[in-house]
Amino acid sequence: MTASGPTVSFTQMKDGTREDYELLEELEKPFLAGTADRLLRELAAQAEETLSGYQITRLEHGLQAATRARRDGADLDWVVAALLHDIGDRLAPQNHDRMAAEILRPYVREEVSWVVEHHGIFQMAYYGHHYGWDPEERQKFKDHPCYSSCEQFCERWDQSSFDPAYPMDPLDSFVEDVREVFARKAYAPEVLRAGEVHGLPDPA
């Protein structure tokens, strides 16, 4: 497929001119601005192409987790992270947690991206023994300041969100939340808030 519109002059990056890279910088802006909508489309696709065997789809799982976070009075970072924590399932089923964390990392505080990155290991506490895995592998992070946040994320919002009877909020209700988070300046110190650990809000 041939690109439409203006293009760079080079076929190797090392041959690019300043004008080429200025063009790319301008063209990148609307592409970056569309990140939230691409993620929302990926979430919607999880309603059709999903892991078999569960009583709900992966989309519904994300909606349930985010709804629980929202109803607990969680802030925007937590709600969007709960919604997107399994966004990598279709493309990176063996490391979906790290994929989701990398998507979120530039736009949420470090505590939240750490929890998303490690939730897969923490979730093993519920089922690892059935496969002969170490269900307490998460103990290697017991001294990490975000340990309790991840433990609670999994207990309250993740492992509990596989219930077809749970009244979850629809995807449309999270659209503006996702757009607000991904409209932030990537990696801005006031977004990352390095070293801050607030934990989860008290349960509703």
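Residues numbered from 1 in each chain as written. Predicted model: local features only at pLDDT ≥ 70, side-chain atom pairs only at ≥ 80, totals over all residues. Heavy atoms only, no water.

Time to look at the packing of helix H6 (residues 110-127) against helix H7 (residues 147-158). Where H6 meets H7, the closest approach of the two axes is 8 Å, and the angle between their N-to-C directions is 65°. Here the hand of the crossing between H6 and H7 comes out right-handed. Taking contact as the criterion, the partners of Glu111, Trp114, Val115, His118, His119, Phe122, Gln123 and Tyr126 in H6 are, on H7, Tyr147, Ser149, Cys150, Glu151, Phe153, Cys154, Glu155 and Asp158. For the contact of H6 with H7, the residue count by class is eight nonpolar, four polar and four charged. (Axes fitted to C-alpha atoms, helices over the stretch in contact; angles between N-to-C directions. Helix = DSSP H or I, 4+ residues; strand = E, 2+ residues; numbered from the N terminus. Left-handed = near helix turned anticlockwise from the far one by under 90°. Contact = heavy atoms within 4.5 Å. Nonpolar A, V, L, I, M, F, W, Y, C, P; charged D, E, K, R; others polar.)

Looking at the largest pocket, its volume works out to about 720 Å³. Among the secondary structure elements, those contributing two or more residues to the lining of the largest pocket are helix H5 (96-104) and H6. Considering every element that reaches the lining of the largest pocket, the biggest residue donor is H6, with seven residues. Here the residues of the lining of the largest pocket are counted per class, giving 10 nonpolar, seven polar and seven charged. In this structure, the second largest pocket occupies an estimated 190 Å³ of space. Lining the second largest pocket we find Lys29, Leu32, Ala33, Ala36, Asp37, Tyr107, Arg179, Phe182, Ala183, Arg184 and Ala186. Of all the elements in the fold, those that place two or more residues in the lining of the second largest pocket are helix H1 (18-33), helix H2 (35-45) and helix H8 (175-182). For the lining of the second largest pocket, the element with the highest residue contribution is H1, accounting for three residues. Looking at the lining of the second largest pocket residue by residue, the class counts come to seven nonpolar, no polar and four charged. (1 Å grid on protein atoms, 1.4 Å probe; cavity = no way out; pocket = protein on both sides within 12 Å on 5 of 7 lines; lining within 4 Å. Points joined across faces, edges and corners; volume = space filled by probe spheres on them.)

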